[in-house]
Amino acid sequence: MYRSGAVMAWNVFKFCTALRGLGSIMILLVLAVVGVTYYAVVLCNYGPALAAGGLHSLIAFLVLIIFHALLVMLLWSYFSVVLTDPGGVPPNYRPLVDQERGEVDPLEASEFGPLATSDPTNARIRYCRKCNQIKPPRCHHCSVCGRCVLKMDHHCVWVVNCVGALNYKYFLLFLFYTFLETTVVALALLPHFIVFFSDGEIPGSPSSLATTFLAFVLNLAFALSVFGFLIMHISLVSANTTTIEAYEKKTTPKWRYDLGRKRNFEQVFGTVQRYWFIPAYSEEDLRRMPALQGLEYPSKPDLDAQEF
């Protein structure tokens, strides 16, 4: 029993080390896909079509406008996820009240000094033995990053970062704009892809034809896979939960942080509508919504005793 546990721990360690080792390779891979796509759409097909005149020129202009607009939003969202800290536990963090029981044995509040709690029987707090610190509500330890992450959803190899409280919105926008961009590219390159299977002569150099074929296949594959992932995260946002929490509470019919779809959406995207589709928050939302900082979350009073 001990040996199997040690082997499992060693395998997890190797897996986490491998993920950390990927590092900038994944970023370069994303940029390579963007580069191939840009070359196929702009330089090989729709850029030259601008000089054709007539309807073909107009269609090419519209495709290029949409393509570049979505590409800007995709890259902005992507690097916002990559470069934004998902949220870590502040030094000397102390909860004002006990809110959850975590994965480890509860510790008495008296062990960490006085805590402001009105209920002396409610002295359970969450504690991370790996970080040796108290864990705020909805916080989990990431074995890849080697630290606790606020409202952790998952560690994403594509962004070489954890997805947590402070960059979850940016991650969702990255999925959203990736789906739109890859769908537009797949539709735009579809006529050129169909030509490969026709009997007539195919215009273009071998390199441009190969790039067009590759770009279509890659973007179609990404569009289909990202669509499923996007639908999953839309359902998580509508229930105000994360991937980890959805697994933890799968047998629980009610969730203490489920405040209704509108308020659940605002807990991630904020209340100012003009900021919903860009990877940023208004100063007003950051000032008056503690949930955007990752340490405090409104919950249903009748379910405040719910523990996980």
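Residues numbered from 1 in each chain as written. Predicted model: local features only at pLDDT ≥ 70, side-chain atom pairs only at ≥ 80, totals over all residues. Heavy atoms only, no water.

Within the protein chain, the secondary structure is distributed over 8 helices and 6 strands. Shown N-terminal to C-terminal, the secondary structure of the protein chain runs as helices and strands in the order α-α-α-β-β-β-β-β-β-α-α-α-α-α. The 308 residues of the protein chain split such that 41% are buried. Expressed as a percentage of contacts within the protein chain between residues at least 6 apart in sequence, the contacts between residues at least 24 apart total 63%. Element-wise, carbon and sulfur atoms account for 66% of the exposed surface of the protein chain, whose accessible area totals about 16700 Å². (Helix = DSSP H or I, 4+ residues; strand = E, 2+ residues; numbered from the N terminus. Buried < 20%, exposed > 50% of the residue type's maximum accessible area, 1.4 Å probe, protein only. Contact = heavy atoms within 4.5 Å. Areas by Shrake-Rupley, 256 points an atom, 1.4 Å probe, with all protein chains shown as cover.)

Quick look at the layout of surface pockets now. Sizing a probe to match a water molecule and rolling it over the atoms shows the empty space that remains. Empty space within the largest pocket amounts to approximately 430 Å³. What lines the largest pocket is a set of 21 residues, among which Trp158, Phe174, Thr178, Phe222 and Val226 lie closest to the centre. Sorting the residues of the lining of the largest pocket by element identifies α2 (24-49), α3 (54-83), α4 (168-195) and α5 (206-238) as the ones contributing at least two each. Tallying contributions element by element places α4 first for the lining of the largest pocket, with 6 residues. (1 Å grid on protein atoms, 1.4 Å probe; cavity = no way out; pocket = protein on both sides within 12 Å on 5 of 7 lines; lining within 4 Å. Points joined across faces, edges and corners; volume = space filled by probe spheres on them.)

This paragraph deals with the nonpolar core. Tyr78, Val159, Tyr168 and Phe171 are the most contacted members of the largest nonpolar core, which totals 28 residues. Among the secondary structure elements, those contributing two or more residues to this core are α2, α3, α4, α5 and α7 (261-269). In terms of residues, this core owes the most to one element, α4, which gives 8 residues. Setting aside residues no more than four positions away along its own chain, Phe171 makes contact with Val81, His154, Cys156, Val163, Phe229 and His233. One finds Phe67, Ala186, Ala188 and Phe193 within the second-largest nonpolar core, a separate group that totals 17 residues. (Core = buried A, V, L, I, M, F, W, Y, C linked by side-chain atoms within 4.5 Å.)

As a further point, take the UniProt feature "transmembrane region" (unreviewed entry) in the protein chain. As recorded in UniProt, the sites labelled "transmembrane region" (unreviewed entry) are residues 21-41, 53-76, 170-197 and 209-231. Regarding residues 170-197, the helix share stands at 93% and the strand share at 0%, and the terminal C-alpha atoms are separated by 40 Å. Each end of residues 209-231 is marked by a C-alpha atom, and these two atoms are 33 Å apart; helix forms 100% of the span and strand 0%. (UniProt positions renumbered as here; feature names shortened; annotations may be inferred.)

Another point: a nonpolar patch on the surface. A surface patch of nonpolar side chains, about 660 Å² in accessible area, is lined by Leu50, Leu55, Leu58, Ile59, Phe61, Leu62 and Ile65. Tracing the backbone through its elements, the reader meets Ile65 in helix α3. (Patch = residues over 30% accessible without salt bridge, like charges linked within 9 Å, V, L, I, M, F, W, Y side chains within 5 Å. Salt bridge = Lys/Arg side-chain N within 4 Å of Asp/Glu carboxyl O.)

Take Pro91: it is sitting in the loop between α3 and β1 (126-128). With 43 residues separating them in the primary sequence, Pro91 and Ile134 have C-alpha atoms 9.9 Å apart.

Take the packing of aromatic side chains next. Taken as a whole and judged by the stated rule, the model has 18 aromatic pairs. Relative to Phe174, the ring of Tyr78 has its centre 5.0 Å away and its plane inclined at 45°; by these criteria the two rings are tilted. Here Tyr78 is found in helix α3, whereas its partner Phe174 is found in helix α4, with 96 residues between them in sequence. With respect to class, Tyr78 is no different from Phe174; both count as buried. Here Arg138 stacks its cationic end above the ring of Tyr257, 4.4 Å away from the centre of that ring. Lying over the aromatic face of Tyr297, Arg138 brings its terminal NZ or CZ to 4.9 Å of the ring centre. (Phe/Tyr/Trp six-rings, centres within 6.5 Å; stacked < 30°, edge-to-face > 60°. Lys NZ or Arg CZ within 6 Å of the ring centre and 35° of its normal.)

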